[in-house]
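# Summary of the model geometry
Residue-level listing of the chains:
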Amino acid sequence: MKITLTVNDEVHPLEVEPRRVLADVLREDCRLTGTHLGCEHGVCGACTVLVDGRAVRSCLMLAVQCDGRSVRTVEGLRGPGGEPHPLQRAFSAEHALQCGFCTPGFLMVAAGALAADPTIGEDPDRVRALVESNICRCTGYEPIRRAIVRGSCPGSVA
Amino acid sequence: MKPARFEYTAPRTVPEALAALADTGRDVRVLAGGQSLLLEMRLQRLRPDLLVDINRIAGLDRLGVDDGMVEVGALVRHEVFDSPWAVPGPLGTLLSLAAPNIAHPPIRALGTMVGSLAWAHPASEWCAIAAALDAVIRLRGPEGAREVPARDWFRGPFETARRPGELLTSVRLPLLGEGTGVGFIEHRRTHFSFAQVGVAAALTVRDGVVVEARIGLANCADRPVRARAAEQALVGAEIGSTLFARAGRVAADQDAAPLAEPYADVEYRRHAIAVLVGRTLRQAAEGARQ
Ligand SMILES: Cc1cc2nc3c(=O)[nH]c(=O)nc-3n(C[C@H](O)[C@H](O)[C@H](O)COP(=O)(O)OP(=O)(O)OC[C@H]3O[C@@H](n4cnc5c(N)ncnc54)[C@H](O)[C@@H]3O)c2cc1C
Ligand code: FES
Ligand code: FES
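None of the values given here were measured: they were computed from a predicted structure.

The rules we used
Residues numbered from 1 in each chain as written. Chains lettered and ligands numbered in written order. Predicted model: local features only at pLDDT ≥ 70, side-chain atom pairs only at ≥ 80, totals over all residues. Heavy atoms only, no water. Helix = DSSP H or I, 4+ residues; strand = E, 2+ residues; numbered from the N terminus. Rg over C-alpha atoms; globule rule 2.2 N^0.38 Å. Contact = heavy atoms within 4.5 Å. Areas by Shrake-Rupley, 256 points an atom, 1.4 Å probe, with all protein chains shown as cover. Lys, Arg positive; Asp, Glu negative; His and termini not counted. Charge placed at Lys NZ, Arg CZ, Asp CG, Glu CD. Buried < 20%, exposed > 50% of the residue type's maximum accessible area, 1.4 Å probe, protein only. Domains from an automatic or database assignment. Buried area = accessible area lost by both parts, 1.4 Å probe. Polar contact = N/O pair within 3.5 Å; in protein donor to acceptor, adjacent residues only side chain to side chain. Core = buried A, V, L, I, M, F, W, Y, C linked by side-chain atoms within 4.5 Å. 1 Å grid on protein atoms, 1.4 Å probe; cavity = no way out; pocket = protein on both sides within 12 Å on 5 of 7 lines; lining within 4 Å. Points joined across faces, edges and corners; volume = space filled by probe spheres on them. Nonpolar A, V, L, I, M, F, W, Y, C, P; charged D, E, K, R; others polar. Salt bridge = Lys/Arg side-chain N within 4 Å of Asp/Glu carboxyl O. Pairing = 2+ DSSP bridges. Axes fitted to C-alpha atoms, helices over the stretch in contact; angles between N-to-C directions. Near = heavy atom within 4 Å.

## What about the overall build of chain A?
When you go through chain A residue by residue, the secondary structure sums to 5 helices and 5 strands. For chain A, the N- to C-terminal ordering of α and β elements is β-β-α-β-β-β-α-α-α-α. In terms of overall dimensions, chain A is globule-like: its C-alpha atoms have a radius of gyration of 15 Å, near the 15 Å expected for 158 residues. A separation of at least 24 residues holds for 55% of the contacts in chain A among residues at least 6 apart in sequence. Here chain A has roughly 6900 Å² of accessible surface; of this, 52% comes from carbon and sulfur atoms. One finds the centroid of the 17 positive side-chain charges in chain A at a distance of 3 Å from the centroid of its 19 negative side-chain charges.

## Observations concerning the overall build of chain B
The helix and strand tally for chain B stands at 10 helices and 14 strands. Taken against the 2.2 N^0.38 rule, which gives 19 Å for 290 residues, the C-alpha radius of gyration of chain B at 19 Å falls within 12% of a compact globule. Viewed in the frame of its principal axes, chain B has a C-alpha envelope of about 60 × 45 × 35 Å. In chain B, buried positions account for 58% of the 290 residues. Surface summary for chain B: the accessible area is close to 12100 Å², and the carbon and sulfur share equals 49%. Charged side chains in chain B number 34 positive and 33 negative. The centres of these two groups are separated by 3 Å.

## Side note on the domain arrangement of chain A
All names here are of chain A. What the domain assignment reports for chain A is domain 1 (2-77) and domain 2 (86-152). Between domain 1 and domain 2, the C-alpha centre-to-centre distance is 21 Å. If you look at the interface, domain 1 gives 18 residues, while domain 2 gives 13 residues. Taking both sides of the interface into account, the surface hidden between domain 1 and domain 2 amounts to around 1200 Å²; carbon and sulfur atoms contribute 68%. Taken as a group, His36, Val74 and Leu77 account for 37% of the area that domain 1 buries against domain 2, more than any other trio of residues on that side. On the surface where domain 1 and domain 2 come into contact, there are 5 residue pairs in polar contact (both at pLDDT 80 or more).

## Some points on the nonpolar core
Counting residues in each nonpolar core, the largest one holds 53 residues, and the members touching the most others are Phe81, Leu91, Trp126, Ile129 and Trp153 of chain B. By residue number, the principal contributor to this core is helix H6 (residues 125-133) of chain B, which donates 6 residues. Residues in contact with Trp153 of chain B, not counting those within four places in the same chain, are Leu117, Ala118, Ile137, Leu139, Val148, Glu159, Thr160, Ala161, Arg162 and Leu168 of chain B. Of all hydrophobic cores here, the second largest spans 36 residues; its members include Leu22, Val25, Cys30 and Leu32 of chain A.

## A closer look at empty space enclosed by the protein
Residue and element names in this part refer to chain B. Evaluation of the coordinates by the stated rule reveals 1 cavity of 30 Å³ or more. In this model, the largest cavity occupies a volume close to 30 Å³. Together, Met113, Leu117, Trp126, Ile129, Ala130, Ala135, Val171 and Leu173 line the largest cavity. Secondary structure elements with two or more residues in the lining of the largest cavity: helix H5 (113-119), H6 and strand E10 (167-174). Residues that form the lining of the largest cavity fall into these classes: 8 nonpolar, no polar and no charged.

## Considerations on the interface of chain A and chain B
Counting residues at the interface gives 29 residues for chain A and 28 residues for chain B. Summing both sides of the interface, chain A and chain B together bury roughly 2400 Å²; the carbon and sulfur share of this comes to 58%. Applying the counting criterion to the chain A and chain B interface returns 5 salt bridges. Two residues, Glu17 of chain A and Arg5 of chain B, come together in a salt bridge whose shortest N-O distance is 2.9 Å. Among the elements that make up the side of chain A that touches chain B, the one with the highest residue count is strand E4 (residues 54-57) of chain A (4 residues). When the residues that make up the side of chain A that touches chain B are grouped by side-chain class, the tally is 15 nonpolar, 5 polar and 9 charged.

## Some details on the sheet that holds strand E1 (residues 7-9) of chain B
All names here are of chain B. If you walk across this open sheet you meet the 3 strands as E1-E3-E2, and the pairing is parallel. The outermost strands of the open sheet, each flanked by one partner alone, are E1 and strand E2 (28-31). Between one strand and the next, the sheet's axes are offset by a mean angle of 25°, whatever the strand orientation. In terms of strand pairing, E2 meets strand E3 (residues 50-53) through 4 bridges, oriented parallel. From the neighbouring strand, Leu31 faces E3, where its bridge partner is Asp53.

## Some points on the site of ligand 1
Residues and elements named next belong to chain B. The immediate surroundings of ligand 1 are formed by 33 residues, with Val30, Gly34, Ser36, Leu37 and Thr112 found nearest. At 2.8 Å from an oxygen atom of ligand 1 is found a main-chain nitrogen or oxygen belonging to Gly33. Between ligand 1 and the protein, one listed contact pairs an oxygen atom with a side-chain N or O atom of His78 at 3.0 Å. Coverage of ligand 1 by the protein amounts to 96% of the 960 Å² it exposes when considered alone. Elements that contribute at least two residues to the shell around ligand 1 include exactly E2, H5 and E10. Per-element tally for the shell around ligand 1: the top contributor is H5, with 5 residues. Split into classes, the residues belonging to the shell around ligand 1 amount to 17 nonpolar, 13 polar and 3 charged.

## Focus: the pattern of salt bridges
Going through the model one piece at a time under the given rule, you end up with 33 salt bridges over all chains. Salt bridges sharing common partners tie together Asp66, Glu71, Arg138, Glu147 and Arg172 of chain B.

## Side note on the sheet that holds strand E11 (residues 180-187) of chain B
All names here are of chain B. With antiparallel pairing, the 4 strands of this open sheet are ordered in space as E11-E12-E13-E14. At either end of the open sheet lies a strand with only one pairing partner, and these are E11 and strand E14 (225-226). Note: strand E13 (residues 209-218) against E14, 2 bridges, orientation antiparallel. Looking across to E14, one finds that Leu217 is bridged to Val225. Seen against the sheet, H6 touches E11, strand E12 (197-206), E13 and E14 and runs at an angle of roughly 145° to E13.

This is the structure:
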């Protein structure tokens, strides 16, 4: 099937089989391997990307479902001059990653929540609920919570 | 694993979707949120021939209130109910107590309430609430439109009264009168697990006496259960901890028919049901007094 995905503001005309999930098409056809695949069952969240601004599991969505839609992956988080997103700087500052396998997923779930509501970092319960969406086997989550709070405060020097 | 090959169509209208679903010689399935279906296809427990993606049909995302009922269209996502103000009155509160128990935000952004009723997982929170409130499922199919009350809908694990070729278009739930108290509590092993036991309750109390009680149980049998024996034990009685504990015992012994699971044998589950029903009733009674 012919589809068009706008990935990180770049238009990708693609020919894909309906059975291929968004994550595989992003990685293999668009060559954007920042989106990771862990469980492929919707549980771990490593594959989280934004589709039309909302965080979804790209392992549980077909690429053909996204025809004509806009997708943002971790590669598209950086600013126009290539500078890291405030969340990316905060993750680095707070040591919110060790092996880094889970990081793209956490960044995207946080970026989606932050775009929907810039005040999310002010409410520890909401940050905790958000972090519960994904699995990290290294950090113990606390640094990830701190990084999301730090990255979401305007003017914080991360 | 990757899903097996299938054909895909994304109709723009309900009649187009029904035309695609009419192909009953093959395994044709509706794709709504995909948060159960695509997982089953990845595990290759399901290998449909054709997917009818309803996500581009305008109007199915309608959430409307009329006649003391809320009507939830087939594309209204779980996440809508995270907010207690999405639906007025005590029903809105009940749905918002239950919603955070369903998976996590990115799954709730896609999964639908109606999809949960179509899938009929015995542990589904929405299915337990539908059973408690005797929700009405609305369908359209080759023989026209029809409605099925929840008491006739659930036939077993993943089994419903849906006929081949039918599309669920919406579900209707009663708003519950002001002064009705609601509760929802569940127990599960980890945040990512399905409920080991889930309980939904709505209580109407007048002068300290229960005048109406509705209790729904998730994962307490091979299908969602409305705990009618426990409800009967409550109506006409004075509220209090002993009453709620007794009703919990009745629900566990008479209404539930729990099956053994790897981490929860039948005895453990009956115990958990009795405790959680009592707790949920207490939560509902607090709301009813306010
Ligand atoms: C990690 C994870 C955790 C989860 N945890 C929970 C949980 O705790 N509790 C819970 O209840 N669910 C849970 N789910 C499942 C999730 O809630 C699903 O969204 C829900 O079960 C199905 O809704 P859907 O819209 O995604 O339906 P789909 O996956 O698209 O469809 C499911 C089935 O219903 C049929 N169907 C759907 N809509 C219609 C319709 N309108 N007409 C006819 N047939 C239809 C489909 O053909 C398919 O057979 C979890 C899922 C994941 C991946
Ligand atoms: S790979 Fe998608 S949630 Fe784990
Ligand atoms: S940093 Fe290793 S899994 Fe999270």
